[in-house]
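# Survey of secondary and tertiary structure
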Amino acid sequence: MKRTITGWMMTEPGKPLEKRSFEAPALEPNEVLLQVAGCGLCHTDLAFLLQGIKTRAKPPLILGHEISGTVVETGAGVDPGLKGRAVLVPAVLPCGECALCQGDSRRICSAQIMPGNDRHGGFASHTVVPSRFLCPVPDSLLSSHELWELSIVSDALATPFQSARLAGLSRGDLAVCIGAGGIGIHGIQIAAAIGAKVIALDVDPGKLAQAEKAGAGATILVKGMGIKDIRARVREEAKRLGAPALQWKILETSGTKAGQETGFNLLNHGATLCVIGFTMDTLEVRLSNLMAFDARLIGNWGSDPVLYPEILDWLAQGRIQVKPYVERHPLADINAVVDSAHAGLLQKRAVLVP
Ligand SMILES: [Zn+2]
Ligand SMILES: [Zn+2]
């Protein structure tokens with residue numbers, strides 16, 4: 001059966017996305033055609049579109065890597081039972097075959113595919129994706145959640161979930177969350193769900209109010225504050241919360257030079273700094289602090305898709321939420337939504353729904 005894909009393409013960075021239709025390509029083995037339910041708008045999309053960061057596939061390209069949808073066609077080698085299933089598409093799909101994948105280093109698989117970067121993504125009616133790591137959504141979860149809103153699991157939730165796992169964040173730890181935006185807010189709710197004490201830092205009072213609702217025990221409006229004052233305030237709040245004075249787990253999601261500087265300067269004995277946000281800016285730091293403090297600096301490129309079912313379990317149990325953090329927009333409004341997101345006018349993650 002012939003199907004038409006209608007998507008919004010980046011033709012040239014900086015230009016509005018263009019609506020175009022084309023015939024869906026014949027599926028390769030181990031691929032599926034997905035009818036898109038929703039696709040979250042991420043800062044990475046804005047970076048491709050507005051900041052000159054190059055996509056791996058040349059434009060014209062449909063962006064979008066936070067995708068949920070329903071499988072409508074299956075290629076050769078795919079379990080035919082997948083047809084009709086609601087699924088999440090991991091933001092980064094490893095090949096599953098190479099030595100890195102076999103060795104549980106799937107996040108750095110060199111044959112990985114990121115929709116909306118290596119090939120057309122989710123700002124479309126349909127999209128073609130590899131089937132191997134698709135995460136089926138249990139029917140029970142769909143009785144309390146809509147499929148479009150679960151799209152944000154694929155990056156906004158999964159990435160900080162992976163970071164928390166790598167950092168070994170545990171009950172009773174102190175999580176210092178720098179940035180309470182589209183990714184940061186989920187770092188906060190995940191840390192709170194783990195049972196960590198959470199201190200949230202942001203420059204926006206509205207985001208801090210949301211952070212409190214997501215489980216932050218303390219919030220600090222860092223706008224205009226110097227690093228010494230920030231450090232003193234974090235220590236004070238940690239004490240007030242009865243949190244450890246050392247071995248902090250610091251989640252940097254702001255993706256700003258100031259945020260990263262703050263993160264590095266909050267390192268203390270046994271601390272871990274997770275670099276989750278992205279910026280092209282560089283900073284000058286005394287790297288030897290890592291040695292002196294026996295501290296760790298770690299990054300993660302998205303998350304391992306094997307974590308997705310666990311995240312869906314947490315949602316089913318009500319330990320974490322998506323509903324308070326998403327807003328639904330018609331896909332046809334994408335250019336206006338991109339402008340609002342770029343101007344920092346959105347308090348919630350925008351999900352584009354075809
Ligand atoms: Zn993203
Ligand atoms: Zn691989």
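The structure this text deals with has already been given above.
Sequence order as written defines residue numbering, which begins from 1 separately in each chain. To read the labels, note that chains go from A and ligands from 1, taken in the order they are written. Confidence filtering applies because this is a predicted model: local features only for residues at pLDDT of at least 70, side-chain atom pairs given and counted only at 80 or more, and all residues used for totals across whole chains, interfaces and linings. Calculation of side-chain values draws on the structure's entire complement of heavy atoms; hydrogens and water are dropped beforehand.

## Side note on the packing of aromatic side chains
Aromatic rings from Phe, Tyr and Trp, taking only the six-membered ring of Trp, are treated as a pair when their centres fall within 6.5 Å; an angle between ring planes under 30 degrees marks them as stacked, one over 60 as edge-to-face, and anything in between as tilted. All chains considered together, the criterion is met by one aromatic pair. Here the aromatic rings of Phe161 and Trp314 are separated by 5.0 Å at their centres, their planes lie at 75°, and the arrangement is edge-to-face. Remark: Trp314 occurs in helix H10 (residues 308-316) and Phe161 occurs in helix H4 (residues 158-167); sequence separation between them is 153 residues. Comparing Phe161 with Trp314 shows no difference in burial state: the two are buried. Distance and angle both matter: a charge sits over a ring if NZ of Lys or CZ of Arg is within 6 Å of the ring centre and within 35 degrees of the ring normal. The ring centre of Trp314 lies 3.8 Å from the NZ or CZ of Arg319, which sits over that ring. Secondary structure elements are taken from DSSP: a helix is a run of H or I of four residues or more, a strand is a run of E of two residues or more, and numbering for both begins at the N terminus. Burial classes: relative accessible area under 20% of the type maximum marks a residue as buried, over 50% as exposed, and values in between as partly exposed (1.4 Å probe, protein chains only).

## Structural notes on the coordination of the zinc ion (ligand 2)
Only nitrogen, oxygen and sulfur atoms qualify as donors, provided they sit within 2.8 Å of the metal or within 3.2 Å for Na, K and Ca; with water excluded from the atoms, sites may seem incomplete. Within the protein, the zinc ion (ligand 2) binds to Cys95 (SG), Cys98 (SG), Cys101 (SG) and Cys109 (SG); these donor distances fall in the range 2.3 to 2.4 Å. Binding-site remark: the zinc ion (ligand 2) is held by donors from one chain whose sequence spacing is C-x2-C-x2-C-x7-C.

## A few points about the coordination of the zinc ion (ligand 1)
On the protein side, the zinc ion (ligand 1) has Cys42 (SG), His65 (NE2) and Asp155 (OD) as donor atoms, found 1.7 to 2.2 Å from it. Taken in sequence order, the residues that donate to the zinc ion (ligand 1) follow the motif C-x22-H-x89-D. Of the two residues, His65 is situated in the loop between strand E4 (61-62) and strand E5 (66-74) and Asp155 in the loop between helix H3 (139-142) and H4; the sequence distance between them amounts to 90 residues. You can call His65 buried: its relative accessible area is 1%. With relative accessibility at 10%, the residue Asp155 sits in the buried group.

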